[in-house]
Amino acid sequence: MTDTRNSEHWAAQNERGNRLFLGITTLMVKYLPAFLMKPCIWFVVLYFYLTAPKQRRNIARYQARLQAAFPQTALPETWPVFKQFVAFGEAVCDRFAVWQRKIRYEDLVLEDPDDVYAEIGNRNQRGQIFVCSHFGNVEVCRALVSHHQGFRLNVLVHSRHAQAFNEALNKAGADKIQLIQVTDLDASLMMELNKRIDAGEWLAIAADRVPVRGEKTVAVDFLGAQADMPQGAWLLAALLKTRVNTLFCIKQNGRYHLKLRRFLDTTDWKRGKRNEEVAAAAQQFAAALAQECAQNPLQWFNFYDFWKDESHG
């Protein structure tokens, strides 16, 4: 008998962007003028929208929960689910545009009330952690790397399930950043990450998708319902004993806003209180993510069964 819960895991879903479509996307971004991009994106997205009933249901549930939790949220009056698919299509194109140098640091609007950016690239102090999510377009923030010569960013990813997409990004120049594949945070990897932090390098890790093996999660209240969030980012921070910052990169009125915030000043938690501190950090992050969703509802790009509605039904 098939494990429904496991088959619904985001990493178990087949990679929908095959090499042909990704190759077309790369060429579109490289050669098409801006006024032709939008109709082409709509055409490609329409195909995926029509052939993805599960993803349509999952996004409809997300929008319903968001509207219930934040009644003032302004979702489109017509075709809100399709328009969220379109927003994702535009975000994918923008990822390629970053690596083709069509979106640069100068194009970003920096929102940094805690002055986190001033600490980037300071090799005389230990590095820190950015926690991010599959909300907005965190790929665009990597313009920071090419802009700031002294800044080294290591991105921890679970991306073996998206081999074609990663190959396409590499062809577009994405190999300029250090991607570290993580399935398990074993001792050798932890030693390597600690060495990089001590050398002043920074880490980025997503805090909104459960691990590939489904272990080490914590239940949080997110948009008025229980959802599982990973402990990985917080356990990593506790082991490395370094500061944690949130990073969101949100498209507003055609421009990307890079939002940096101080999140945790210390993660030097006592072993006996670590579980409690991890749960509190995960809930605090869920609350911050919910606020971002309320402000920019169409930029939620988790298309899988986030709340496990279908496995409960």
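Worth saying up front: this structure is predicted, and the values here are computed from it rather than measured.

(A) Molecular detail of the pairing of strand E2 (residues 129-132). Burial along E2 is two-sided: the face carrying Ile129 and Val131 and the face carrying Phe130 and Cys132 are both buried. Both E2 and strand E5 (residues 202-206) contribute to a ladder of four bridges, which runs parallel. Looking across to E5, one finds that Cys132 is bridged to Ala206.

(B) Local environment of the packing of helix H9 (residues 232-240) against helix H10 (residues 274-295). Here H9 crosses H10 at 130 degrees, and the two axes come no closer than 9 Å. Between H9 and H10, the interaxial angle falls into the category oblique. As for how H9 packs across H10, the hand of that crossing is right-handed. Taken together, the residues of H10 that come into contact with H9 (itself represented by Trp234, Leu235, Ala238 and Leu239) are Arg274, Val278, Ala281, Ala282 and Phe285.

(C) Spatial organisation of the nonpolar core. Grouped together as the largest cluster of nonpolar side chains are 66 residues, with contacts concentrated most on Ile129, Val131, Phe222, Trp234, Leu236, Leu289 and Trp300. At nine residues, the largest contribution of residues to this core is made by H10. Filtering out sequence-adjacent residues up to four positions away, Ile129 remains in contact with Leu203, Ile205, Leu236, Ala237, Leu240, Thr242, Arg243, Val244 and Asn245. Core analysis: the next-biggest nonpolar cluster, separate from the first, contains 22 residues, Val98, Phe130, Val157 and Leu247 among them.

(D) How the structure looks around the pattern of salt bridges. Evaluation of the coordinates by the stated rule reveals 13 salt bridges. Sharing partners across several salt bridges, the network here consists of Glu119, Arg243, Arg262 and Asp265.

(E) Just the confidence of the model for the chain, in detail. In this model, the chain carries an average pLDDT of 81, and 77% of its residues clear a pLDDT of 70 or more. Of the regions scoring below 50 in pLDDT, residues 1-17 engages in 36 contacts with residues more than four places distant in sequence or in other chains.

(F) Region of the structure containing the environment of Arg101. One can find Arg101 in the loop between helix H5 (80-99) and strand E1 (109-111). In sequence terms Arg101 and Lys30 are 71 residues apart; their C-alpha atoms lie 9.9 Å from each other.

(G) Spotlight on H10. Over its 22 residues, H10 extends 32 Å from the first C-alpha to the last, a length consistent with the 32 Å expected when each residue adds 1.5 Å. Looking only at H10, the buried set comprises Arg274, Val278, Ala281, Ala282, Phe285, Ala286, Leu289, Ala290, Glu292, Cys293 and Ala294.

Cut-offs and rules
For every chain, the first residue of the written sequence is number 1, and numbering continues from 1 along that sequence. For this predicted model, a pLDDT threshold of at least 70 governs which residues receive local features, and a threshold of 80 or more governs which side-chain atom pairs are given and counted, while totals over whole chains, interfaces and linings are taken from all residues. The basis for the side-chain values is all heavy atoms of the structure; hydrogens and waters are excluded. Three exposure classes are used, based on accessible area relative to the maximum for each residue type with a 1.4 Å probe and protein chains only: buried under 20%, partly exposed in between, and exposed over 50%. Only runs of H or I of at least four residues qualify as helices and only runs of E of at least two qualify as strands under DSSP, and these elements are numbered from the N terminus. DSSP bridges decide pairing: two strands pair if at least two such bridges lie between them. Angles run from 0 to 180 degrees between N-to-C directions of axes, and those axes are lines fitted to C-alpha atoms, restricted for helices to the stretch in contact. Here is the rule for angles: anything less than 35 degrees is roughly parallel, anything more than 145 is roughly antiparallel, 65 through 115 is roughly perpendicular, and the remaining ranges are oblique. If you view the pair so one helix is near and one far, a crossing is left-handed when the near helix is turned anticlockwise from the far one by less than a right angle, and right-handed when it is turned clockwise. When checking whether two residues touch, look at their non-hydrogen atoms; a contact exists if any pair is within 4.5 Å. Side-chain atoms within 4.5 Å are what join buried Ala, Val, Leu, Ile, Met, Phe, Trp, Tyr and Cys residues into a set we call a nonpolar core. When a carboxyl oxygen of Asp or Glu lies within 4 Å of a side-chain nitrogen of Lys or Arg, that pair is called a salt bridge. pLDDT: the predictor's confidence for each residue, scored from 0 to 100. The length a helix should cover is 1.5 Å for every residue beyond the first.

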